[in-house]
Amino acid sequence: MKEKKLSPKVGVGIMIFKDGKVLLGKRQGSHGAGEYAFPGGHLEYMESFADCAKREVMEETGLEIKNIRFQYLANVKKYAPKQYVHVGLTAHWVSNEPKNLEPEKNEGDWQWYSLSNLPKPIFEVCRLALEAYQTGKNYFDS
Ligand code: IPR
Ligand code: MG
């Protein structure tokens, strides 16, 4: 049988702020299962980063977002053999409460957490987002 060639994918994660808190859910069914993560997912062919962010947040939570900004770029190998070129973005909540629209990928409800009291364990790209937020570092390679 022919082996599938491994190649990096492009991921987009969105740290959404509402009243100083950020939105996290518990991942399941993929890499980082059991870890708390922001909404996010895979960039589709010919999609802009901002459109990917809006689409993934809407698909996973039903929320609209605004003020989408670049936060950091990372080469994520922690979940090898998966490798991601990851684009970390920030955005602001607009209205309504999040719904868990992909329960096979997210365990329980989305919840707002203050940055000083984030749940553990935390998904690697969210750990990097927090570091970027605290230090201004916007490039992580390894
Ligand atoms: P999907 O596209 O299913 O939401 O993928 P994901 O949540 O596993 O995200 C992959 C990229 C990550 C690192 C945000
Ligand atoms: Mg996702």
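Residue positions within a chain follow its written sequence, with the count starting from 1. Here the convention is simple: chains get letters from A, ligands get numbers from 1, in the order in which they are written. Where totals are concerned, whole chains, interfaces and linings use all residues; where local detail is concerned, this predicted model gives features only for residues with pLDDT of at least 70, and gives and counts side-chain atom pairs only at 80 or more. Side-chain calculation: all heavy atoms of the structure are included, whereas hydrogens and water are not.

Peer 1: Even after reading the chapter, I still don't get unusual backbone geometry, so can you show me in this structure?
Peer 2: Working note: non-glycine residues mostly have negative phi, and peptide bonds are mostly trans. Put simply, Ala-80 and Pro-81 share a cis peptide bond, and its omega is 15 degrees. For Pro-81, the location among the structural elements is in the loop between strand E5 (65–76) and strand E6 (84–93). A cis amide bond links Lys-120 to the next residue, Pro-121, at an omega of -5 degrees. Located in the positive-phi region is Met-46, a residue other than glycine, with phi close to 70 degrees. In this text, helices come from DSSP runs of H or I with a minimum length of four residues, and strands from runs of E with a minimum of two, each type numbered from the N-terminal end.

Peer 1: Can you help me understand the coordination of the magnesium ion (ligand 2) in this one?
Peer 2: Tetrahedral metal sites with four donors have an ideal angle of 109.5 degrees; octahedral sites with six donors have ideal angles of 90 or 180 degrees. Only Gly-40 (O) and Glu-60 (OE) from the protein reach the magnesium ion (ligand 2) as donors, at distances of 2.2 Å. In this pair, Gly-40 sits in strand E4 (residues 40–42) while Glu-60 sits in helix H1 (residues 49–61), placing the two residues 20 residues apart along the sequence. Given the relative accessible area of 17%, Gly-40 is considered buried. Each metal's donors are the N, O and S atoms within 2.8 Å of it, or within 3.2 Å when it is Na, K or Ca, and because water is not part of the set, sites may look incomplete. Note on classification: 1.4 Å probe, protein chains only; a residue is buried when its accessible area is under 20% of the maximum for its type, exposed when over 50%, partly exposed between these limits.

Peer 1: Quick question: what am I supposed to make of the side chain of Asn-106 here?
Peer 2: Along the chain, Asn-106 turns up in strand E7 (residues 106–114). Of note is the side chain of Asn-106, whose polar atom sits 3.2 Å from the backbone nitrogen of Lys-26. Every residue pair with non-hydrogen atoms within 4.5 Å of one another is taken to be in contact. Once residues within four sequence positions are removed from consideration, Asn-106 is found in contact with Gly-25, Lys-26, Arg-27, Gln-28 and Asn-100. Identification of polar contacts relies on pairs of N or O atoms within 3.5 Å, with a donor-acceptor requirement for protein atoms, meaning one able to donate a hydrogen and the other able to accept it, and with residues adjacent in sequence counted only if both atoms are side-chain atoms.

Peer 1: Looking at this model, I keep getting lost on the packing of aromatic side chains. Mind explaining?
Peer 2: The geometry of an aromatic ring pair comes down to the distance between the two centres and the angle between the two planes. Between 30 and 60 degrees the pair is tilted, below 30 it is stacked and above 60 it is edge-to-face, where a pair is any two Phe, Tyr or Trp rings, Trp via its six-membered ring, whose centres lie within 6.5 Å. If you walk through the whole model with that rule in mind, you get 4 aromatic pairs. Ring centres 6.3 Å apart and planes at 70 degrees place the aromatic pair Tyr-36 and Tyr-113 in the edge-to-face group. Note that Tyr-36 is positioned in strand E3 (residues 36–37) and Tyr-113 in strand E7, a separation of 77 residues in sequence. Residues Tyr-36 and Tyr-113 agree in their burial class; the two are buried.

Peer 1: How should I be thinking about the nonpolar core in this particular structure?
Peer 2: Considering soluble globular proteins, one finds that nonpolar side chains tend to be buried as a cluster. Judged by nonpolar contacts, the single largest core of 22 residues is most densely connected at Met-15, Val-22, Leu-24, Phe-38, Tyr-72, Val-76 and Cys-126. If you list the elements that add at least two residues to this core, you get strand E1 (9–18), strand E2 (21–27), E3, E5 and helix H2 (124–135). No other element matches H2, which puts 6 residues into this core. Setting aside its immediate chain neighbours within four residues, Tyr-72 contacts His-86, Val-87, Gly-88, Val-125, Leu-128, Ala-129, Ala-132, Lys-137, Asn-138 and Phe-140. Counting 14 residues, the second-largest nonpolar core is a separate cluster that includes Val-12, Cys-52, Leu-63 and Ile-65. In plain words, nonpolar cores are sets of buried Ala, Val, Leu, Ile, Met, Phe, Trp, Tyr and Cys residues tied together by side-chain atoms within 4.5 Å.

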